[in-house]
Amino acid sequence: MQPRSIARRRAVNAVISAISGLAALFGIFMMGWILYEVIMRGARAINWAFFTQLPGPPVSSGGGLANAMLGTLMMTALGAAIGIPIGLFAGVYLAEFGRNGRWATAIRFVGNLLMGTPSIITGVFVYTVVVVTAGSFSGYAGAIALAIIMLPLMARTSEDILALVPNELRESALALGAPRWRATLQVIFRAARNGLLTGALLAIARVSGETAPLLFTSLNSRLWSFTLAGPTPSLTVTTYTYAMSGYATLENKAWAASLVIILAVLSLTVTARFVLQERKR
Amino acid sequence: MAIIDQVSGTTASYAPKSIEKASVERKLDLAFKWFTAAAALFIALIMAGIVANLIRFSLPAMKAFGLKFLADSTWNPVTERFGAASSIYGTLVSTALAVVIAVPLSLAIALFLVELAHPAVSRVVGGAIELLAAIPSIIFGMWGLFVFAPFVAKYIEPPLHSTLGWLPLFQGPPMGIGMITAGMILALMILPYITAITRDVLQMVPPVIKESAAGIGSTKWEVTWNVSLPYGMSGILGAIFLGLGRAVGETMAVTFVIGNDHRIAASLFAAGNTIASTLANEFAEASEDTYRSALIELGLVLFLITMVFQVVAHLWLRRVQKTSGRR
C-alpha cells in the first residue's frame, strides 16, 4: 500500500470538516428560511377580523377564519380526548403487564407500523368506516382520524416513560398493600407525570398541523360548525384550498392561517420540551 | 392464559385486611389489567381494520382492472379507465430523489454534531434541526409552492439544464413545479429523522475504538470513515429505510409542488403525481363508485409499499440491536 502524504490526509480532513459544517449551516438556514417566510407573509395578512369573523363572500379580502379555528380546536380536542387515554392505557399494558411477552411484542410491532402508516391512509380508512356508514362528511370523522394518529404515538411515549420509573417504586407500592391498579394510577403515574404530559402535548402538536387525514373526513365548510355533526372547517384544509385557489386575496389568508398553525405547533412542541426538562432538574 | 398469571402473582403478595376485601381488590386488579389489554388490542384492531377495509373497498376496481391496474398509466375519470403506473412511478422517483439528497446531508450534519462541534453548539444546532421535524407538512407545502418552487425555477433548474442538460433527466422548461422540487422538499422533511438516528448511532461507537484509531495517527475523518461508519452502518441503513417509509406516504408538501399530472415523464423538471398527492387531490370529488374504488386501491398500494419499508427497517434495526447487545 502506498503511504498517503500527511499533508494530503490533513487536507481531506479539513475539506470534509468544512463540508459537514456547511451542511449543518444549510440545515439551520432552511429552517430559518421557512420560518422567516411564514412569519413575514403571515404577519402582513393577519388582522383582528381574521380571528373573529367568518370568511367573507368568495374572493373578497375581508372576513376571517374564526370558524376554521374553532373547527380545528374542537376536532383536536375530541381527537385527543379519544386517542390519548386509549394510547396511555395501551402504554400501561405494554410497560406494566405485557413487557417482553409474545402479545406485547406483537402489539408493539403493530403500533410501530400504525405510527408509520401515512396519515392520508388513515383518512381513507376513516372515510370507509365513518363517512360511508354515516352517509356524510363530519367533524366527528375528522376527530376520529386524528385520534387514530395519536393512539400509537401516545402508546409508544407512555410505554417509554413508564419503563423509566424505577422498579423499586412499583415494589414499594405493592409492598405497602396497594393493588396493582392503585399502584399504577397513584404512584407510577405520579412519578411519570411530566413525561406523560410531554407525550400528550407532542401528540397534540403533531395532529394539530395535520391536513391529509381531514381532507375527506371533515371536509371543509364556510360556515360555523358548532356540533361536528356536519362538514367542519379546519385551518389546515382551508389553507390548502385557499393556496390552490389562484386568488391573491385567498393566498394571503392561507399565509395568515399558516402563521397561526406554525405558532400553535411550535409553542406546543417547545412547551413539551420545557415540561420534560423540568423533570430532569 | 399467561397474561393473567402475572397479575395474580403480584396481588397475592400483600397482606389483606380482610379476605372479602382482598377478593374485591383482586377482581379490580384483573379488570384493570384487561382494560389496559383491551386498549393495547385496540391498536391491532385498527390495523386489521385498515387492511380489511382497504381491500374490501378496492375490490370493485380490482375486478374491473385486474393486475393491469399496476402497469397501466391511463388515468381517465371520464372514460372510467384507471391505472396506477404513473402514481407508483412518481411515488418511487420522488422518494428516491429525497433519499439521494437527504442521506449525504444527514451524514454530514450528524458528523458535525457528534465529532466536530462544541457540545453547546451541537445541542443548539441539533435542537434546531429537530424542530424542522415538528413543522407540519402543509407549511412545507405553502413554502414550497410560493417560495421554493419559483426559486428552483430561477436558480436551480437553469444551471442543471445548462450543465447536465444532455441527460434526459434535466430537459424541458424550468417551471419549478414538478418532480425535482417535490424530491427536494421531501429530502428536507426526512433530513431531521435520518440525522437524529445517525447522530445516535455515531454517539454509540465506543470511545475506546475511536481513540485507538486516533492513537495510530488517523485524522478525524479517517476515524469516522474507517471506524465509526462501518461500526454503525447497520443502524444508519435502518434510519434510511425509516426515512424512505416517511417520504413514500408524505402527502401535503408533495401535493402542493408536484403539479398533479398523470403522466410519466423522463425529465425531473416535468410535473407528475404520487399516490398520496392523487388521493389528496381527487378523493373528495370522486363520486363515481369505480373512480372511488380505484383511488382506494391506490391507497392500498401505497399502504403495502410503506409496510414493506417499515417491516424491513424494524426487523433490520431489531437484528442490529440484538447483535450489538451480544457484543
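This is a predicted model, so every value here is computed, not measured.

**Quick word on the overall build of chain A**
- Check the secondary structure of chain A and you find 11 helices and 0 strands.
- From first element to last, N terminus to C terminus, chain A shows the α and β order α-α-α-α-α-α-α-α-α-α-α.
- Taking 2.2 N^0.38 as the reference for a compact globule, 281 residues should give roughly 19 Å; the C-alpha atoms of chain A span a radius of gyration of 24 Å, well beyond that estimate.
- Once the C-alpha set of chain A is aligned to its principal axes, its extents read approximately 70 × 65 × 35 Å.
- Within chain A, buried positions represent 52% of all 281 residues.

**A few points about the overall build of chain B**
- Within chain B, the secondary structure is distributed over 12 helices and 2 strands.
- Start at the N end of chain B and walk to the C end: the helices and strands fall as α-α-α-β-β-α-α-α-α-α-α-α-α-α.
- A compact globule built from 327 residues should have a C-alpha radius of gyration of about 20 Å, whereas chain B, at 25 Å, is more than 25% larger.
- In terms of principal-axis extent, the alpha carbons of chain B reach across some 85 × 70 × 35 Å.
- Expressed as a percentage of the 327 residues in chain B, the buried residues total 47%.
- The contacts in chain B between residues at least 6 apart in sequence include a share of 74% that link residues at least 24 apart.

**Concerning helix α3 (residues 66–98) of chain A**
Residue and element names in this part refer to chain A.
- The end-to-end C-alpha separation of α3 is 45 Å, in line with the 48 Å expected for 33 residues at 1.5 Å each.
- Among the 33 residues that make up α3, 25 are buried, leaving the element largely enclosed by the rest of the structure.
- Where α3 terminates, the next one or two residues include R99, which has phi positive at roughly 45 degrees.

**Let's talk about the nonpolar core**
- A:M150, B:I139, B:I185, B:L186 and B:I190 are the most contacted members of the largest nonpolar core, which has 176 residues in total.
- Beyond its immediate chain neighbours, meaning those up to four positions away, A:M150 contacts A:G79, A:A80, A:G83, A:I84, A:G87, A:A203 and A:V207.

**Looking at the environment of A:T227**
- The topology assignment puts A:T227 in the loop between α9 (193–208) and α10 (235–243).
- Along the primary structure A:T227 and A:G71 are separated by 156 residues, whereas in three dimensions their C-alpha atoms are 9.3 Å apart.

**Things to note about the interface of chain A and chain B**
- At the interface, 75 residues of chain A touch 74 residues of chain B.
- The leading source of residues in the side of chain A that touches chain B is helix α1 (residues 6–45) of chain A, at 18 residues.
- Of the residues that constitute the side of chain A that touches chain B, the class distribution is 50 nonpolar, 20 polar and 5 charged.

**With respect to the environment of A:A200**
Residue and element names in this part refer to chain A.
- If you trace the backbone, A200 turns up in helix α9.
- Residue class for A200 comes out buried when judged on the 23 C-beta atoms lying within 10 Å of it.
- Sequence separation between A200 and Y247 is 47 residues, and the spatial gap between their C-alpha atoms is 38 Å.
- In contact with A200, other than residues within four places in its own chain, are I84 and M154.

**Description of the environment of B:A133**
All names here are of chain B.
- Inspection of the secondary structure puts A133 in helix α5 (residues 119–134).
- When the C-alpha positions of A133 and A284 are compared, they lie 28 Å apart, and in sequence the two are 151 residues distant.
- Those residues in contact with A133, other than ones at most four positions away along the chain, are P192 and Y193.

**Quick notes on the domain arrangement of chain B**
Residue and element names in this part refer to chain B.
- Domain boundaries assigned for chain B yield domain 1 (2–65) and domain 2 (70–326).
- Taken together, the contact pairs 9 residues of domain 1 with 10 residues of domain 2.
- Residues of the side of domain 1 that touches domain 2, tallied by class, amount to 8 nonpolar, 1 polar and no charged.

**Some thoughts on unusual backbone geometry**
- Positive phi, normally seen in glycine, also occurs at A:R99, with a value near 45 degrees.
- By the element assignment, A:R99 lies in the loop between α3 and α4 (102–116).
- Look at B:N260: it is not a glycine, yet its phi comes out positive at around 50 degrees.
- Inspection of the secondary structure puts B:N260 in the loop between α10 (252–257) and α11 (275–282).
- On the neighbour-count criterion, B:N260 (20 C-beta atoms within 10 Å) is buried.

**Observations concerning the domain arrangement of chain A**
Residues and elements named next belong to chain A.
- Under the domain assignment, chain A is made up of domain 1 (6–45) and domain 2 (52–280).
- Taking only C-alpha atoms, the centre of domain 1 and the centre of domain 2 are 32 Å apart.
- The partner domain 2 presents 7 residues to the 6 residues of domain 1 that form the contact.
- Classifying every residue of the side of domain 1 that touches domain 2 by side-chain character gives 4 nonpolar, 1 polar and 1 charged.

**A word on the confidence of the model for chain B**
- With 92% of its residues at a pLDDT of at least 70, chain B reaches an overall mean of 89.
- Reported for the predicted complex are a pTM of 0.92 and an ipTM of 0.93.

**Comments concerning the packing of helix α6 (residues 137–164) of chain B against helix α7 (residues 179–204) of chain B**
All names here are of chain B.
- The N-to-C vectors of α6 and α7 enclose an angle of 135 degrees; their axes lie 10 Å apart at closest approach. When the axes of α6 and α7 are compared, the pair comes out oblique. Two packed elements cross with a definite hand, and for α6 against α7 that hand is right-handed. Counted together, S137, F140, G144, F148, A149 and V152 of α6 and I180, T181, I185 and M189 of α7 form the full contact between these two elements.

**Considering the packing of α5(B) against α7(B)**
Residues and elements named next belong to chain B.
- Between α5 and α7, the least distance of the axes is 8 Å, while the angle of their chain directions is 135 degrees. One element, α5, and the other, α7, form an angle in the oblique class. Two packed elements cross with a definite hand, and for α5 against α7 that hand is left-handed. Every residue of α7 that contacts α5 at G126, I129, E130, L132 and A133 is listed here: L191, P192, Y193, T195, A196 and R199.
- Looking at the contact of α5 with α7 residue by residue, the class counts come to 7 nonpolar, 2 polar and 2 charged.

About the criteria used
- The written sequence of each chain sets the order in which its residues are numbered from 1.
- Think of it this way: whatever chain is written first is A, whatever ligand is written first is 1, and the rest follow in order.
- At least 70 in pLDDT is required for a residue's local features to be given in this predicted model, at least 80 for side-chain atom pairs to be given and counted, and no such filter applies to totals for whole chains, interfaces and linings, which use all residues.
- A helix here means a DSSP run of H or I that spans at least four residues, while a strand means a run of E at least two residues long, and both kinds are numbered starting from the N terminus.
- Only C-alpha atoms enter the radius of gyration, while the globule expectation follows 2.2 Å times N to the 0.38, with N the number of residues.
- Here the C-beta atoms are placed from the backbone, and a residue counts as buried if at least 20 other C-beta atoms lie within 10 Å of its own, exposed if 12 or fewer do, and partly exposed otherwise.
- We call two residues in contact when their backbone-placed C-beta atoms lie within 7 Å.
- The span you would expect from a helix comes to 1.5 Å times its residue count less one.
- We call a set of buried Ala, Val, Leu, Ile, Met, Phe, Trp, Tyr and Cys residues a nonpolar core when their C-beta atoms link them within 7 Å.
- Charged means Asp, Glu, Lys or Arg here, nonpolar means Ala, Val, Leu, Ile, Met, Phe, Trp, Tyr, Cys or Pro, and polar covers whatever is left, Gly included.
- For each domain, the first and last residues come from an automatic or database assignment.
- Across the chain, each position has a pLDDT score giving the predictor's confidence in that residue, from 0 to 100.
- Here the axes come from fitting lines to C-alpha atoms, over the contacting stretch only for helices, and the angles between their N-to-C directions go from 0 to 180 degrees.
- With respect to orientation, any angle under 35 degrees is reported as roughly parallel, any angle over 145 as roughly antiparallel, any angle of 65 to 115 as roughly perpendicular, and every other angle as oblique.
- The sense of a crossing depends on the near helix, which, turned anticlockwise from the far helix by less than a right angle, makes the crossing left-handed and, turned clockwise, makes it right-handed.

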